[in-house]
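Report on the structure
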Amino acid sequence: MSLPIPRPGIMEIAPYVPGESGAPGFATPAKLSSNESALGPSPKAMEAYRALAADLHRYPDGSASALRKALGTHYGLDPDRLVCGAGSDELIGLLVRAYAGPGDEVLFSQHGFLMYRLASLACGATPLTAPEKDLRADVDAILARVTPRTKIVFLANPNNPTGTFLPSSEVKRLHEALPPHVVFVIDAAYAEYVVRNDYSPGVELVDHPRANAVMLRTFSKIHGLAGLRLGWGYFPAGIADVINRSRGPFNVGAPSLAAGIAALADVAHTDRARAHNDVWRPWLEKELAALGLGITPSVGNFILMRFAKGPAQSKAAEAFVKGKGVILRAVGAYGLADCLRVTVGTEAECRQTVAALGEFLKAHG
Ligand SMILES: *Cc1c(COP(=O)(O)O)cnc(C)c1O
């Protein structure tokens, strides 16, 4: 008997393992494993979401025109070159499927976001990585690995799970040195958290006449709408056309579109989320470093911590703090088995995390 077999590449995919969400014995654990917003969604976004309930029999606006118009106004971008997706994950998948296939290479940095690998394998393309320096993408190492078969270069800026970023001058240098046939994807999922003069989410590169750079954004992080699956991208006209042809006609649900518009308009809520992060990320970095953990300075809403005694100690710490109701993210799949990632939570969650890790290191340091 012969069974159906999938295309080559599919069975090489180790399914994405989301951040854990439960800790036995704790009804409401400190879930700091998925970089969700400490402040939750905007009350106005919740209201817009609820208001959609009576219209759930209607198909959504397949062109997301109201949200694209709102994004265009908010960011000063041409709505015709914006495309919305069910999370930026969907847009990552659509880009890879449209531009790469068997025999093609998709390139990203060593500890780059895992979805780039998964999406590449899913369409039979070959994912390749370039080594990083001090847990930061290395432009020269990426350029050295570009071949005639390279179809896409992904750069998460800032990167998850390292929390590091490349200054705009370096991103520009990378863009300029890439062959024009390569799609350069700047994944700026955490852009709203970055408060640095030398950072740019990449709009100016998308507008460059070479027309091969794209910028991806999401409502999952600072806007606190991860559960709704809503992302967007800013594209050169030609690439927007390709993504619009290949996406599902109703790829974003109506409640997501409505909540997204309300979240974008609630600037005060976004500002509060950023201000919270500006206080508690440095606090966490300082406290965790004081415990003896190796901290990589982050510009996002999460921190990577390294355990001096390696993977076994990191694994033990993850289990120990879970027993105290704190859920951290193991990052072995990123080649960082000696590290854990923690999301900046509420004040109480941050304090709980430091106390639990302190207790662990006292007993097992
Ligand atoms: C969280 C994240 C995303 C996006 O996720 P969606 O929820 O699919 O929008 C994209 N890139 C990076 C680097 C992320 O950390």
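All values reported here derive from a predicted model rather than from experimental measurement.

**Quick look at unusual backbone geometry**
Asn 157 connects to Pro 158 through a cis peptide bond whose omega is 0 degrees. Turning to its location among the elements, Pro 158 is positioned in the loop between β5 (150–156) and α6 (168–177). For the peptide bond that leads from Asn 160 to Pro 161, omega is 15 degrees, which places it in the cis range. Along the polypeptide, Pro 161 turns up in the loop between β5 and α6. One non-glycine residue, Asp 134, adopts positive backbone phi at about 50 degrees.

**Some details on the domain arrangement of the chain**
We note that the domain assignment places domain 1 (10–40 + 268–364) and domain 2 (43–265) within the chain. The C-alpha centroid of domain 2 is placed 25 Å from the C-alpha centroid of domain 1. With 30 residues of domain 1 at the interface, the matching set in domain 2 holds 30 residues. By the criterion of area lost to domain 2, the three top residues of domain 1 are Tyr 16, Val 299 and Tyr 334, representing 26% of everything that side buries. Counting the contacts that link domain 1 with domain 2 gives zero salt bridges. Summed over the shared surface of domain 1 and domain 2, the number is six residue pairs in polar contact (both at pLDDT 80 or more). Looking at the side of domain 1 that touches domain 2, the elements that each hand over two or more residues are α10 (267–290) and β10 (302–306). Considering each element in turn, the side of domain 1 that touches domain 2 owes the most residues, six residues, to α10.

**Considerations on the pattern of salt bridges**
Under the definition given, this model contains 18 salt bridges. A salt bridge links Arg 173 to Glu 170, with the shortest nitrogen-to-oxygen separation between them at 3.0 Å. Highlighted residues: Arg 173 and Glu 170, both in helix α6, separated by three residues, approximately one helical turn. Judged by relative accessible area, which is 31%, Arg 173 ranks as partly exposed. We note a salt bridge from Asp 198 to Arg 196, for which the minimum N-O separation is 3.0 Å. With relative accessibility at 29%, the residue Asp 198 sits in the partly exposed group.

**Concerning the environment of Asn 301**
Take Asn 301: it is sitting in the loop between β9 (294–296) and β10. Asn 301 sits in the buried class, given a relative accessible area of 1%. When the C-alpha atoms of Asn 301 and Asn 35 are compared, they prove to be 6.5 Å apart, with 266 residues separating the residues in sequence. What Asn 301 contacts, discounting residues up to four positions off in sequence, is Asn 35, Glu 36, Tyr 190, Tyr 193, Asn 277, Val 342, Thr 343 and Val 344. Separated by 3.2 Å, the side chain of Asn 301 and the backbone oxygen of Asn 35 make a polar contact.

**Description of helix α12 (residues 347–364)**
Given 3.6 residues to a turn, an α-helix orients residues that are three or four positions apart in the same direction. Relative to the 26 Å expected for 18 residues at 1.5 Å per residue, α12 spans 26 Å between its end C-alpha atoms, a close match to the ideal helical length. In the core, the buried residues of α12 are packed alongside β1 (30–31), α10, β10, α11 (311–322), β11 (326–327) and β13 (339–343).

**Topic: the sheet that holds β5**
Strands sit in the order β2-β8-β7-β6-β5-β3-β4 across an open sheet of seven strands; the sheet is mixed. Lying at the two open borders of the sheet, with one neighbouring strand each, are β2 (82–85) and β4 (126–130). Across the sheet, the axes of successive neighbouring strands diverge by a mean angle of 25 degrees, strand direction being ignored. In this structure, strand β3 (residues 105–109) lies alongside β5, joined through three bridges in parallel fashion. Paired with Glu 105 across the strands is Thr 150, a residue of β5. Sheet contacts for helix α2 (residues 65–75): β2, β7 (213–218) and β8 (231–234); angle to β2, the most-contacted strand, approximately 125 degrees.

The rules behind these values
Residues numbered from 1 in each chain as written. Predicted model: local features only at pLDDT ≥ 70, side-chain atom pairs only at ≥ 80, totals over all residues. Heavy atoms only, no water. Helix = DSSP H or I, 4+ residues; strand = E, 2+ residues; numbered from the N terminus. Domains from an automatic or database assignment. Contact = heavy atoms within 4.5 Å. Buried area = accessible area lost by both parts, 1.4 Å probe. Salt bridge = Lys/Arg side-chain N within 4 Å of Asp/Glu carboxyl O. Polar contact = N/O pair within 3.5 Å; in protein donor to acceptor, adjacent residues only side chain to side chain. Buried < 20%, exposed > 50% of the residue type's maximum accessible area, 1.4 Å probe, protein only. Expected span 1.5 Å × (residues − 1). Pairing = 2+ DSSP bridges. Axes fitted to C-alpha atoms, helices over the stretch in contact; angles between N-to-C directions.

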